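Residues per chain, in single letters:
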Amino acid sequence: MSAVTRFLHTMYRITDPERSRAFYDALGFTFAGDFDIVREGELEATNYFFSIGDQKSVLELTFNHDGRTYDRGTGYGHIAIGVDDLDGTLSRLKEQGIEPERAPYSVREGGSRLCFVQDPDGYRIELIEAR
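In this convention, every chain numbers its residues from 1, walking through the sequence in written order. Where totals are concerned, whole chains, interfaces and linings use all residues; where local detail is concerned, this predicted model gives features only for residues with pLDDT of at least 70, and gives and counts side-chain atom pairs only at 80 or more. Water and hydrogen atoms were dropped before computing side-chain values, which therefore reflect all heavy atoms in the structure.

Participant: If you had to explain the side chain of Asp-119 to someone new, which residues and values would you point to?
Facilitator: Looking at the element boundaries, Asp-119 is found in the loop between strand E7 (113-118) and strand E8 (124-129). Despite its burial, Asp-119 pairs with no opposite charge; the closest candidate is Arg-72, at 6.7 Å N-O. In protein, a polar contact requires one atom able to donate a hydrogen and another able to accept it; more generally it is a pair of N or O atoms within 3.5 Å, and residues adjacent in sequence count only if both atoms are side-chain atoms. A polar contact is formed between the side chain of Asp-119 and the side chain of Tyr-24, at a distance of 2.8 Å. Only 2.8 Å separates the side chain of Asp-119 from the backbone nitrogen of Asp-121, close enough to count as a polar contact. The contact criterion used is simple: two residues touch if any of their non-hydrogen atoms lie within 4.5 Å. Once residues within four sequence positions are removed from consideration, Asp-119 is found in contact with Tyr-12, Phe-23 and Tyr-24. What counts as a helix is a DSSP run of H or I of at least four residues, what counts as a strand is a run of E of at least two, and both are numbered from the N terminus. Per-residue accessibility, obtained with a 1.4 Å probe over protein chains only, is compared with the maximum for each type, and a residue is labelled buried under 20%, exposed over 50%, and partly exposed between these values. We treat Lys and Arg as the positive residues and Asp and Glu as the negative residues; His and chain ends play no part in the count. What counts as a salt bridge is simple: a side-chain nitrogen of Lys or Arg found within 4 Å of a carboxyl oxygen of Asp or Glu.

Pasting the structure below:
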């Protein structure tokens, strides 16, 4: 039995597409495109896709046009992205009003430095400095 398995993307729902796009642009994602979902003639949702580096459309943000809000629940943890210079990245993010939850730290002696930021909907993004 032969199966090809590969990671395609992560999706979560957002409440303000413009703020979310600005946030993910600030993190180094590249807007890859969007498309509307229309059901029975009504605009239901818009999906926004983002690429990072040479990884195409790895993040899908879905905006439902009916005005609903969401509870992130207790099961969601975070997504992680690697950065070459954590201090430089945090400096650039600060210029755009994005602050880390706490100062960078390592989880073990000699481990990579990391910290977390939150997107406009409160989703946590872990920034890990490349070693």
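Participant: Would you mind going over the sheet that holds strand E3 (residues 42-52) in detail, with residue names and values included?
Facilitator: Reading across from one edge, E1-E4-E3-E2 is the order of the four strands in this open sheet, with mixed pairing throughout. With one partner strand each, in any of the chains shown, strand E1 (10-14) and strand E2 (30-39) form the two edges of the open sheet. Ignoring which end each strand starts from, the neighbouring axes of this sheet average 25° apart. Should DSSP find at least two bridges between two strands, the strands are taken to pair. Taken together, the nine bridges between E2 and E3 define a ladder with antiparallel strand orientation. Axis definition: a line fitted to C-alpha atoms, limited for helices to the stretch in contact. Angles are taken between N-to-C directions and run from 0 to 180 degrees.

Participant: Residue-level account of unusual backbone geometry, with values.
Facilitator: With phi around 50°, Glu-40 is a residue other than glycine that occupies positive phi space. Within the fold, Glu-40 resides in the loop between E2 and E3. The class of Glu-40 is exposed, set by a relative accessible area of 84%. Positioned with a positive phi, Ser-57 is a non-glycine residue whose angle comes to about 50°. Counting through the fold element by element, Ser-57 comes out in strand E4 (residues 55-64). For Ser-57, a relative accessible area of 26% gives the class partly exposed.

Participant: Account for the pattern of salt bridges, naming residues and giving values.
Facilitator: The full count for this structure, using the stated rule, is six salt bridges. As a salt-bridge pair, Arg-21 and Asp-25 come within 3.9 Å of each other at their nearest N and O atoms. Here Arg-21 and its partner Asp-25 are both found in helix H1 (residues 17-26), four residues apart, which amounts to about one turn of the helix. Glu-44 is the salt-bridge partner of Arg-39, the closest N and O atoms lying 2.9 Å from each other.

Participant: Can you explain the pairing of E4? Please cite residues and give values.
Facilitator: Where a strand is regular, its side chains alternate between the two sheet faces. Counting buried residues along E4, seven of its 10 residues qualify, which places the element largely inside the surrounding structure. Bridge count between E1 and E4: five bridges; the pairing is parallel. Bridging from a neighbouring strand, Met-11 pairs with Glu-60 of E4. Of the pairings in the sheet, the one linking E3 to E4 comprises seven bridges and is antiparallel in character. Its bridge partner lying in E4, Tyr-48 is registered against Leu-61. Hairpin remark: E3 followed by E4, antiparallel, with two residues in the connecting loop; positive phi at Gly-53, about 55°.

Participant: Lay out the nonpolar core in plain terms, naming residues and giving numbers.
Facilitator: In this structure, Tyr-24, Leu-27, Phe-29, Ile-125 and Leu-127 are the most contacted members of the largest nonpolar core, which totals 26 residues. Elements with a minimum of two residues in this core: E1, H1, E3, E4, strand E5 (79-83), helix H2 (86-95), E7 and E8. A per-element tally of this core places E4 first, with four residues. For Ile-125, the residues in contact, after removing those within four places along its chain, are Tyr-12, Phe-23, Tyr-24, Leu-27, Ile-79, Ile-81, Cys-115, Phe-116 and Val-117. As used in this record, nonpolar core signifies buried Ala, Val, Leu, Ile, Met, Phe, Trp, Tyr and Cys residues forming a set joined through side-chain atoms within 4.5 Å.

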